[in-house]
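# Topology and contacts: notes
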Amino acid sequence: MPSKRKPGVSPLEVFFRPRNVAVIGATDRPASVGHAILANLQKGSFPGAICPVNPKHSTVLGLTSYPDVAAIPGGVELAVIVTPAQTVPGVVKQCADAGVQGAIIISAGFRETGERGMLLEQEALREARHGDVRLIGPNCLGVMSPHAHLNATFASSMARPGHLGLISQSGAICTAILDWSQRENVGFSAFVSVGSMLDVGWGDLIQYLGDDPQTRSIIIYMESIADAGKFLSAAREVALSKPIIVLKPGRTEAAAKAAASHTGALTGQDAVLEAAFRRCGVLRVDTIAELFDLSEALDKQPRPRGPKLTIVTNAGGAAVLAADALLSAGGQLAALSAETIGKLNEILPPHWSHQNPVDILGDASADRYAQAVSLAAQDPSTDGLLVVLAPQAMSDPLAVAEKIAPFAKLPNKPVIASWMGGQDVAAGEAALNRARIPTYSYPDSAARVFQSMWRYSANLQALYETPEAFESEDPEAALKAEARAQATEAIAKARGKGRTLLTEVESKALLAAYGIPTVETVIATSADQAVETARRIGYPVVLKLHSETITHKTDVGGVQLNLPDDAAVRSAYQTILDAVTRAAGVKNFLGVTVQPMVRADGYELILGSSLDPQFGPVLLFGGGGQLVEVYKDRAIGLPPLNTTLARRLMERTMIFHALGGVRGRKPVDLVALERLLVRFSYLVVEQKWIKEIDINPLLAGPAQLLALDARVVLHPREVVYPPESAIRPYPAQYSRPWKFEDGEEVLIRPIRPEDEPLMVRFHGKLSERSVYLRYFHLVNLAERVSHERLVRICFNDYNREIALVAVRLDASRHDTEILAVGRLAKAHAANEAELAVLIADAYQGHGLGTELWRRLVEIARAEKLDRVTAEILPENLQMIEICRLLGFRLEPDQDVIHAVLELVE
């Protein structure tokens, strides 16, 4: 039976809103998984047909049982498999043959048991892909979709309907969260135990929940990352509109090994994971308590617009605890205005605190609480409110809660509460939870929750801050093609000889090709040559070992510094030769390099890259020099960078504070350093045969940046497919010039984050008619040029969408004006993309629109898409004519014309 999946509908829809469900392995036997899942489906009031499959019984739990899935009349959309592991591949084949769209494999006994289990997994996956069946599991608790009344798990209860989407690799964590949610009145849009993630993974589920209107926030318990690129791509898109919180254990080596043995997957270096989460806007927490606390807050309250918290309390000691926790976590107390202080003076007793925290004293009534909270909320410096109540004879916890409840819906100002006292305040806590104000037992915990909420918002703001435009950001425009080609050729030549190490001279030539300044370095194969070169360079000089095999020169006595004259150079040459011969053999000595002795007027930094097994190349920046491994002042990031990301990477190190100038020292040119980091990040992603690269030290002074030493390790010849960057770099191959009929040349290239100011000016010149024809309704200019909207346009994930801009260049080849924008946005549920183009009024009717459409279709073919679609208003005659010219099929449908171009015959 062929698949019944609807076109344009996510293939994961079947796991959350199936028409019917088959339980393969269902049984009447109590305390069995097959019994629990079937019973849960019945108790959950699932509206569709529930079909037990068990060849040994004609009925199970009062329902007609079938011998196999093929025997079920009318077919099945979702199957839940609870049979022994060795039978699962055959069961999946039966599902594929019967047209089942999705299967949840509850059964254990796969990769967690070793090689035999891994083979069973792969066999099941082959059968699934052959029949277009998506799989969740194996070794999982199952799936709940509370809004659809679907409980396909063996948990003891059903989650409440709500707006949190949960994805967990641990079934035990799932059940713990379920118990907590019932107590705290937290509901879920989806509740997914993914197990070993044989097929459906993080990226698939994040994308689905990102598109799901019922989901407002996503929480994840993660033991292994699996497909890093897919996770990053989905998370980067979804985190812009929905918070994603991850609890990822494995910060310590022992914990990482435990997670790996549990899931049978690599966990990755934790610092790299931290960098990845930060890069895609995900908020990481460290404890289950934090996951619970923060998910409740984000589910019930809006994210703060700023970091300043106002605390209203009837207990000074509790407020001090909260303030300490807030400030220790990097938060801020709001400085209340004189006007607010004056109004509080009018309603509070004379001995109130007269500052934030607002201590309204132990005899505070419910009305006093409400008045104080109202005034604090109105203060412009307040970004969020924490209301604290300690049980006092004069304060009624329930009455206060009922007075505070109306403040639950303040726009952009979260309200959280700490009702201290256990059973004495339980009724008040319940009232607050019903009003969707999250409650915490202790005020310090509540303060940390607010700070985490702000940390999430602040990270997104920093991540999508418009970077500075500079020429080198676009590698096609900035880097000389011949220099890059020479660098690539040198690497290929070295690998062709079986070498895995570039010499220092080759390494510095590679850096120079990417615009990274290096110190002059000349090879000398004799003492006489060394003296001659030193005279030309000028004393004092440095001699270093020249070798194709030895990477750490100081370890073998291969470095001689501050040589003042000819005699010192001759002596140093012989010293290096003798030392290397003793330590490694004379065959590893190919001569020396002669370099000027650069006075360290600046800071020694390290800039490097190595490979992570899951994320590919990763960047390292920090304090450098010989003690780099002692001080360990470093930050990790993922390439490629822009200037904003480069600055954020530097800011996470201690040495960054010194670079700005301390104790009378002049500051380093941080803008130049940002640009150097960006160029280095492009080197790393473009030169795929580099395994490791270090610049140590990178001398950063007020007048110059200079790479004093460099080390490049290559992949051996046996490596055919080196790991690629988890984040797709700028697709420079799609950048080409084009000319109007009058000879004026423009550059058509992929959009960049730096283009936001140009996009603002572009939209400012559009007529209302052009806006209407593009968006099908009028969108005012302020909305079109808001930073929040332009972030989505200019910050492309090139795996998901590619926008082209046609730009006019000045005489120096700098961008001056955007004339047109075209976008190819890939669909989530099919291998196709939607195309749209917008041309500035002054340039319409001159062939630019046709060229943009043609280029976008070329890109769609290059990206191996099956089809391109477009939606066009009937009055947009120019676009309709372009579609006809390019071979699109036009399908009128009420007030719109659907244009379709099939790319696969």
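One structure accompanies this document, and this report is about it. (Residues numbered from 1 in each chain as written. Predicted model: local features only at pLDDT ≥ 70, side-chain atom pairs only at ≥ 80, totals over all residues. Heavy atoms only, no water.)

Our focus in this paragraph is the environment of tyrosine 514. Along the polypeptide, tyrosine 514 turns up in the loop between α19 (504-513) and β21 (522-524). Distance in space between the C-alpha atoms of tyrosine 514 and leucine 683 is 6.6 Å, their sequence separation being 169 residues. (Helix = DSSP H or I, 4+ residues; strand = E, 2+ residues; numbered from the N terminus.)

With the rule as written, the count across this model stands at 48 salt bridges. Notably, a salt bridge pairs aspartate 299 with arginine 436, separated by 3.1 Å at the nearest N-O pair. Remark: arginine 436 occurs in the loop between α15 (426-434) and β20 (439-440) and aspartate 299 occurs in helix α10 (residues 288-300); sequence separation between them is 137 residues. Owing to a relative accessible area of 3%, aspartate 299 belongs among the buried residues under this scheme. Taking the shortest distance from any N to any O, the salt bridge between aspartate 755 and arginine 749 comes out at 2.8 Å. Owing to a relative accessible area of 1%, aspartate 755 belongs among the buried residues under this scheme. In this structure, a network of salt bridges that share partners links the residues Glu504, Lys508, Lys544, Lys553 and Asp709. (Salt bridge = Lys/Arg side-chain N within 4 Å of Asp/Glu carboxyl O. Buried < 20%, exposed > 50% of the residue type's maximum accessible area, 1.4 Å probe, protein only.)

Let us look at the packing of helix α26 (residues 756-764) against helix α29 (residues 787-794). Running from amino to carboxyl end, α26 crosses α29 at an angle of 110°, the nearest separation of the two axes being 10 Å. Compared by their axis directions, α26 and α29 come out roughly perpendicular. Considering the relative orientation of α26 and α29, their crossing is right-handed. Seen from α26, the contacting residues are Glu756, Met759, Val760 and His763; seen from α29, they are His787, Arg789, Leu790, Ile793 and Cys794. Residues that form the contact of α26 with α29 fall into these classes: five nonpolar, two polar and two charged. (Axes fitted to C-alpha atoms, helices over the stretch in contact; angles between N-to-C directions. Parallel < 35°, antiparallel > 145°, perpendicular 65-115°, else oblique. Left-handed = near helix turned anticlockwise from the far one by under 90°. Contact = heavy atoms within 4.5 Å. Nonpolar A, V, L, I, M, F, W, Y, C, P; charged D, E, K, R; others polar.)

A word on the pairing of strand β12 (residues 217-221). Counting buried positions over the five residues of β12 gives five, a clear majority of the element. The alternating pattern of β12 places Ser217, Ile219 and Tyr221 and Ile218 and Ile220 on opposite faces, both of which are buried. Strand direction decides the pairing type here: strand β10 (residues 161-168) and β12, joined by five bridges, are parallel. Looking at the pairing, glycine 165 lines up with isoleucine 218 of β12. Looking at chain direction, β12 and strand β13 (residues 244-247) are connected through four bridges and run parallel. Each bridged residue has a counterpart across the sheet, and for tyrosine 221 the counterpart in β13 is leucine 247. Note on the crossover from β12 through helix α7 (residues 228-238) to β13: the handedness is right-handed. (Pairing = 2+ DSSP bridges. Right-handed = clockwise from strand over helix to strand, strands pointing away.)

Pairing is antiparallel in the open sheet, where four strands are placed in the order β21-β24-β22-β23. The open sheet has two edge strands, β21 and β23 (559-563), and neither has a second partner. For this sheet, the mean angle separating the axes of adjacent strands, direction not counted, is 25°. Here three bridges tie β21 to strand β24 (residues 592-596), and the two strands are oriented antiparallel to one another. Residue pairing in the sheet places valine 522 in a bridge with valine 594 of β24. Sheet strands touched by α19: β21, β22 (541-545) and β24. Its angle to β24, the strand with the most contacts, is close to 50°.

With that settled, the discussion passes to the sheet that holds strand β2 (residues 49-53). Strand order in the open sheet formed by five strands is β2-β1-β5-β6-β7, with parallel pairing between adjacent strands. Looking along the sheet, the strands with just one partner apiece sit at the ends: β2 and β7 (134-136). If you compare each strand with its neighbour and ignore which way they point, the axes differ by 20° on average. The pairing of strand β1 (residues 20-24) with β2 spans five bridges and is classified as parallel. Counted as the bridge partner of alanine 22 is cysteine 51 from β2.

Secondary-structure assignment places glutamate 290 in helix α10. Overall, the relative accessible area of 30% leaves glutamate 290 in the partly exposed class. Sequence separation between glutamate 290 and isoleucine 106 is 184 residues, and the spatial gap between their C-alpha atoms is 28 Å. If sequence neighbours within four positions are ignored, glutamate 290 has contacts with Val285 and Ser295.

Moving on, we get to the packing of aromatic side chains. One pass over the structure, following the stated rule, counts 10 aromatic pairs. Their ring planes at 90° and their centres at 5.6 Å tell us that tyrosine 573 and phenylalanine 589 sit as a pair that is edge-to-face. Of this pair, tyrosine 573 sits in helix α21 (residues 566-584) while phenylalanine 589 sits in the loop between α21 and β24; the two residues are 16 residues apart in sequence, bridging distant segments of the chain. Residue tyrosine 573 is classed as buried on the basis of its relative accessible area of 7%. Accessibility expressed as a relative area gives 12% for phenylalanine 589, which makes it buried. On the basis of an interplanar angle of 80° and a centroid distance of 5.4 Å, the ring pair of tryptophan 853 and phenylalanine 888 is categorised as edge-to-face. Taken together, the residues span a long stretch of sequence, with tryptophan 853 in helix α30 (residues 848-862) and phenylalanine 888 in the loop between α31 (877-886) and β37 (889-893) at a distance of 35 residues. (Phe/Tyr/Trp six-rings, centres within 6.5 Å; stacked < 30°, edge-to-face > 60°.)

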